[in-house]
Amino acid sequence: MGYSQTRSLAFILGTAAILPSFAHAQWSVTILHPAGTTRSFLEASTGTQHAGSVVASGVTRAALWNGTSNTRVDLHPASATESYANAASGSRQAGYVRFGGTPRAALWSGSAASFVNLHPSTGTESIVLGMSAVQQVGWNRVGGIRRATLWSGSAASATSLHPSFATDSVAHDSTGTQQVGHATLSGIRQALLWSSSPTAPTVLHPAGASESAAYAAVASQQVGYARFGFVNAAVLWSGSSLSVVNLNPPLSLESAAYDTDGTRQFGYAFFGTSARASLWSGSAQSWFDLSALLPNPSVWGDTFARSIHTDGNTTHITGYGYNGATNRYEALLWTWTRCPADFDNDGFADLFDFDAFVACFEGDTCPPGSTADFDRDGFVDLFDFDAFIAAFEQGC
C-alpha cells in the first residue's frame, strides 16, 4: 500500500464521524422579495446583479437586484402594461414588455429608460427567453406560428432559426455561437441545437421519449427535459441525442433542468405534493435538494432553481419559491462559496472530495478547476497531500 493509500485509510477511519458537521457550510440563501410587492421571481444572474420580476399594485414589472431585497431597480418602461426579465448577461437584461395585450421582445441595460424594443416588424408577438454576451434568443410569432429567433441587440438584427419542416419552434438559450430550444417536428416537440442558422439543426430528442426541450447550454453541455412514459425527466446532453443522461431522481414524479455551469445542473424535481429546487452533478444519484437550505424549510411549498452564474469561487443560483408563512412567491438567491476542501466542486465537503484528491494526486483525472498541486508551489509532492488533509480537517 502506497503513502497516499495509507494516509487515505487512516484519515477516513479517523474523520468519518465528523464529516456531516460541515456539509452545508458553503451555502447561504437570501430572500430578495422587496417590500411593497405581492410576488417576486428571479430568473437570471450575472454574479453581482440578478434579474426577474415583481408584482406591484397588480402589475408584473421587470426588475433588477444588486444582491439584497432593498436594491431593486424597476425596469418597467413608461406606458407598459406588463414586463418581465427572463435573462441577463454582463450589464444587460432581456425579456418582454407588453403595451396593451401584445408582448414585445425587450432588452435593457440596467434601467427602465434603457429599454430597447427588439420586436421584429414581421411578427405579431415576440419574447426573449435567453441571452449570451452578444446574442438574445426567444421567439417571434409570424403567421400564427412561433418561430425561434436570434437577435444581436436590435429589432433589425432578428434572424429566424425556425426549421422549414417545423410547425412551432422556440429558442431558450445561447452560448454566443450555438442556441438551444425545441421545435415541433412531425407533431412531436423535440429538443434542438442550432449553430446560428435554421439549416440542419442537431436534433437532441432522445430515443424512447415522447417529447423534449433544451433550456440551457454552456460550452458542450445542454440541459432540459424529456418525457419518458408518463414522467417528464430532467436530462443532460453533450451535443447529441445519444449522449442523453436521465437526471430524474429516484421517486421523483417530474423534473426539469433549467441551467448548467458545465459541471452542475439546476432546476427542480417534484416529490409528493411539491416541487423542490434541485442541483445535480451529472447523474440522477447526485441530486441535492436546494430547498433544504432555506430558512425554516418546512414552510416552503414549490421552489425552483432557474439560473446559475459562477466565477469559479462563488456561484449564484437564482430562483423563487412559495413561502407558506407569507402566502406568496418570493425571489430566492442561493450562494455557494468554494472552499479548498470541496475538491470535486459539488458544493459539499465529504469523502468524495478525499477520494477525488487521492485519484488526482496519483495521476488520474482531476476535477475541473482542481489540481494535485494543492499548495500551488509549482510541484506535486507530499506537501500537497499534507496541505489537503489540513484543509479537509478544517472543513468549510
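As the structure is a computational prediction, the values presented were derived from the model and not from experiment. (Residues numbered from 1 in each chain as written. Predicted model: local features only at pLDDT ≥ 70, side-chain atom pairs only at ≥ 80, totals over all residues. Heavy atoms only, no water.)

Enquirer: Lay out the sheet that holds strand β8 (residues 102-108) with the relevant residues and their values.
Expert: Spatially, β6-β7-β8-β9 is the arrangement adopted by the four strands of the open sheet, whose pairing is antiparallel. Since the sheet does not close on itself, it has two edges, and those belong to β6 (82-89) and β9 (116-117), each with one partner. Two strands pair when backbone bridges link them, and β8 and β9 are joined in this way by two bridges, in the antiparallel orientation. Within β9, the position partnered with A106 by the bridge is N117. (Pairing = 2+ DSSP bridges. Helix = DSSP H or I, 4+ residues; strand = E, 2+ residues; numbered from the N terminus.)

Enquirer: Explain the packing of aromatic side chains residue by residue, including any values.
Expert: This structure, assessed with the given rule, holds 25 aromatic pairs. On the basis of an interplanar angle of 50° and a centroid distance of 6.0 Å, the ring pair of F99 and F115 is categorised as tilted. Remark: F115 occurs in the loop between β8 and β9 and F99 occurs in strand β7 (residues 92-99); sequence separation between them is 16 residues. With a relative accessible area of 21%, F115 lands in the partly exposed category. Taking 5.4 Å as the distance between ring centres and 45° as the angle between the ring planes, the aromatic pair formed by Y215 and Y258 counts as tilted. Here Y258 lies in strand β22 (residues 254-260) and Y215 lies in strand β18 (residues 211-218), a separation of 43 residues in the sequence. The class of Y258 is buried, set by a relative accessible area of 18%. (Phe/Tyr/Trp six-rings, centres within 6.5 Å; stacked < 30°, edge-to-face > 60°. Buried < 20%, exposed > 50% of the residue type's maximum accessible area, 1.4 Å probe, protein only.)

Enquirer: Residues and numbers for the pairing of β6, please.
Expert: Here β6 lies mainly inside the structure; seven of its eight residues are buried. In this structure, β6 lies alongside β7, joined through seven bridges in antiparallel fashion. Bridge pairing in β7 links E82 to R98. Taking the residues that link successive antiparallel strands as the turn, the β6-β7 hairpin has two residues, and the phi of G90 there is positive, at about 60°.

Enquirer: I'd like a rundown of the environment of G110, residues and numbers included.
Expert: Position of G110 relative to the elements: it lies in the loop between β8 and β9. For G110, a relative accessible area of 24% gives the class partly exposed. In this structure, the C-alpha to C-alpha distance between G110 and A305, residues 195 residues apart in sequence, is 23 Å. Among residues more than four places away in sequence, those in contact with G110 are L64, V73, L75, S91 and Q93. (Contact = heavy atoms within 4.5 Å.)

Enquirer: Got a sec to walk through the nonpolar core? Specific residues and values, please.
Expert: Residues F343, F354, F357, F374, F385 and F388 are the most contacted members of the largest nonpolar core, which totals 17 residues. Looking at this core, the elements with two or more residues in it are α2 (351-361) and α3 (382-394). Among the elements that line this core, the one with the most residues is α2, at six residues. Residue contacts for F388: discarding those within four places in its chain leaves P340, A341, F343, D353, F354, F357 and F374. (Core = buried A, V, L, I, M, F, W, Y, C linked by side-chain atoms within 4.5 Å.)

Enquirer: Could you give me a rundown of the confidence of the model for the protein chain, with the residues and numbers involved?
Expert: With 93% of its residues at a pLDDT of at least 70, the protein chain reaches an overall mean of 92. Predicted confidence is poor over residues 1-23, with pLDDT under 50, and the contacts of this stretch with residues over four places away or in other chains come to 33 contacts. (pLDDT = per-residue confidence, 0-100.)

Enquirer: Run through the sheet that holds strand β26 (residues 300-310), naming residues and quoting values.
Expert: Strand order in this open sheet of four strands is β1-β28-β27-β26, and the pairing throughout is antiparallel. Whereas interior strands pair on both sides, the edge strands pair on one side only; in this sheet they are β1 (27-31) and β26. Looking at each pair of strands side by side, their axes are set apart by 25° on average, direction ignored. (Axes fitted to C-alpha atoms, helices over the stretch in contact; angles between N-to-C directions.)

Enquirer: Which residues make up the pairing of strand β23 (residues 265-271), and what are the values?
Expert: Counting buried positions along β23 gives six out of seven residues, so the element sits mostly inside the fold. Where β22 and β23 come together, six bridges link them in antiparallel fashion. In the sheet register, E254 faces β23, and the bridge partner there is F270. Between the end of β22 and the start of β23, which pair antiparallel, lie four residues, with G262 showing a positive phi angle near 105°. In the sheet, β23 pairs with strand β24 (residues 274-280) via seven bridges, with the strands oriented antiparallel. Of the residues in β24, the one forming a bridge with Q265 is W280. Counting the residues that bridge the hairpin from β23 to β24 gives two residues, and of these G272 lies at a positive phi of roughly 60°.

Enquirer: I'd like a description of α2, backed by residues and values.
Expert: It helps to recall that an α-helix has 3.6 residues per turn; residues three or four apart then point in one direction. Those residues of α2 not exposed but buried are D353, F354, A356, F357, V358, C360 and F361. Downstream of α2 by one or two residues, G363 has phi in the positive range, about 105°.

Enquirer: Let's hear about the state of the cysteines: which residues, and what values?
Expert: For the coordinates displayed, the defined rule picks out one disulfide. The disulfide partner of C360 is C366, and the gap between their sulfur atoms is 1.9 Å. Looking down the S-S bond of the C360 and C366 bridge, the torsion is 80°, so its handedness is right-handed. (Disulfide = S-S within 2.5 Å.)

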